[in-house]
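For reference, the chains in residue letters:
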Amino acid sequence: MTATATITHPTPAGLLTLAASASGLTRCTFRPAPVSVDGAGEASPAARRWLDLARRELDGYFTGRLREFTVPVDLRRVGTRHRRVLDGLAHVGYGETTTYGRLAAAVGLTDDGPRQVGGAMARNPVLIIVPCHRVLGAGGRLVGYAGGLTVKRRLLDLEGRDQAPQLDLGLAHGVSEYAQ
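The structure reproduced in this document is the subject of the present report. (Residues numbered from 1 in each chain as written. Predicted model: local features only at pLDDT ≥ 70, side-chain atom pairs only at ≥ 80, totals over all residues. Heavy atoms only, no water.)

### Observations concerning the nonpolar core
Here comes step 1: One finds Leu25, Met121 and Ile128 to be the most contacted residues of the largest nonpolar core, which totals 46 residues.
Here comes step 2: The set of elements that each furnish at least two residues to this core consists of strand E1 (5–11), strand E2 (14–20), strand E3 (25–29), helix H1 (45–62), helix H2 (80–88), helix H3 (100–106), helix H4 (113–122) and helix H5 (149–160).
Here comes step 3: Considering each element in turn, this core owes the most residues, seven residues, to H1.
Here comes step 4: Each of two domains, domain 1 (5–63) and domain 2 (80–162), supplies a minimum of three residues to this core.
Here comes step 5: Setting aside residues no more than four positions away along its own chain, isoleucine 128 makes contact with Leu16, Phe30, Leu58, Tyr61, Phe62, Phe69, His133, Tyr145 and Leu155. (Core = buried A, V, L, I, M, F, W, Y, C linked by side-chain atoms within 4.5 Å. Buried < 20%, exposed > 50% of the residue type's maximum accessible area, 1.4 Å probe, protein only. Helix = DSSP H or I, 4+ residues; strand = E, 2+ residues; numbered from the N terminus. Domains from an automatic or database assignment. Contact = heavy atoms within 4.5 Å.)

What follows is the structure, encoded as structure tokens:
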């Protein structure tokens, strides 16, 4: 098996460790690489191309020019249960958020579904690209993020800066304060 390529990449949110296999990005995290970061080593040319694409796309994301990542993600090492949750994030687009409970329901998890979602989010090996920062606690509370809550807020603010404001006029509940 060919080794993965690993690099570090500076971003406005902090230094990211990126790793890729021949199949796609395997890691995007704020944690340092577990081994020395000396470039691609014996990694395949495809792995090095995925890292280059990931760097360019992350740069585009942080400047507000990119809303959707195209770099393939290789989640083969993620367990089936957690992968199901991470795959569910594909339906939470740029500038949108969901909650642990809504995501659990969307992927068919019952009983302790929100807790299972939290476990999957905590083990997401490809932060930002697999957008677990878009998952909030009940009532829209800012909770849990491997990069820290300050970074999570920063990512949400970045994605929300060019979004039209969402006004709650009470119409969703059939009652407007102006009708009272």
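### Some thoughts on the environment of leucine 15
Here comes step 1: Structurally, the position occupied by leucine 15 is in strand E2.
Here comes step 2: Separated by 15 residues in the primary sequence, leucine 15 and phenylalanine 30 place their C-alpha atoms 6.1 Å from one another.
Here comes step 3: Ignoring anything within four residues of it in the chain, the contact list for leucine 15 reads Thr8, His9, Pro10, Thr29 and Phe30.

### With respect to the pairing of E3
Here comes step 1: A large share of E3 lies buried, amounting to five of its five residues.
Here comes step 2: With four bridges connecting them, E2 and E3 associate as antiparallel partners. Bridge assignment links leucine 18 to a residue of E3, and that residue is cysteine 28.
Here comes step 3: The turn joining E2 and E3, which pair antiparallel and follow one another in sequence, is formed by four residues; a positive phi near 155° is taken by glycine 24. (Pairing = 2+ DSSP bridges.)

### Remarks on H4
Every α-helical turn comprises 3.6 residues, leaving residues that sit three or four positions apart pointing alike.
Here comes step 1: Among the residues of H4, those classed as buried are Gly113, Gln116, Val117, Gly119, Ala120 and Met121.
Here comes step 2: Structurally, H4 contributes buried residues whose contacts are with H2, H3 and strand E5 (135–136).

### Notes on the state of the cysteines
Here comes step 1: Counted by the stated rule, this structure contains zero disulfides.
Here comes step 2: Unpaired in terms of disulfides, cysteine 28 finds its nearest cysteine sulfur in cysteine 132, a separation of 9.8 Å.
Here comes step 3: Residue class for cysteine 132 comes out buried when judged on its relative accessible area of 4%. (Disulfide = S-S within 2.5 Å.)

### Considering the packing of H2 against H4
Two quantities define a packed helix pair, namely the angle between the axes and the distance from one axis to the other.
Here comes step 1: Remark: H2 packs on H4, axes separated minimally by 9 Å, with the N-to-C direction vectors making an angle of 90°. By the angle between their directions, the pair H2 and H4 is classed as roughly perpendicular. Residues Arg81, His82, Val85 and Leu86 of H2 form the contact with H4, whose own contacting residues are Gln116, Val117, Gly119, Ala120 and Met121.
Here comes step 2: Of the residues in the contact of H2 with H4, the class split is five nonpolar, three polar and one charged. (Axes fitted to C-alpha atoms, helices over the stretch in contact; angles between N-to-C directions. Parallel < 35°, antiparallel > 145°, perpendicular 65-115°, else oblique. Nonpolar A, V, L, I, M, F, W, Y, C, P; charged D, E, K, R; others polar.)

Keep in mind that these numbers describe shape and distance, not what the molecule does.
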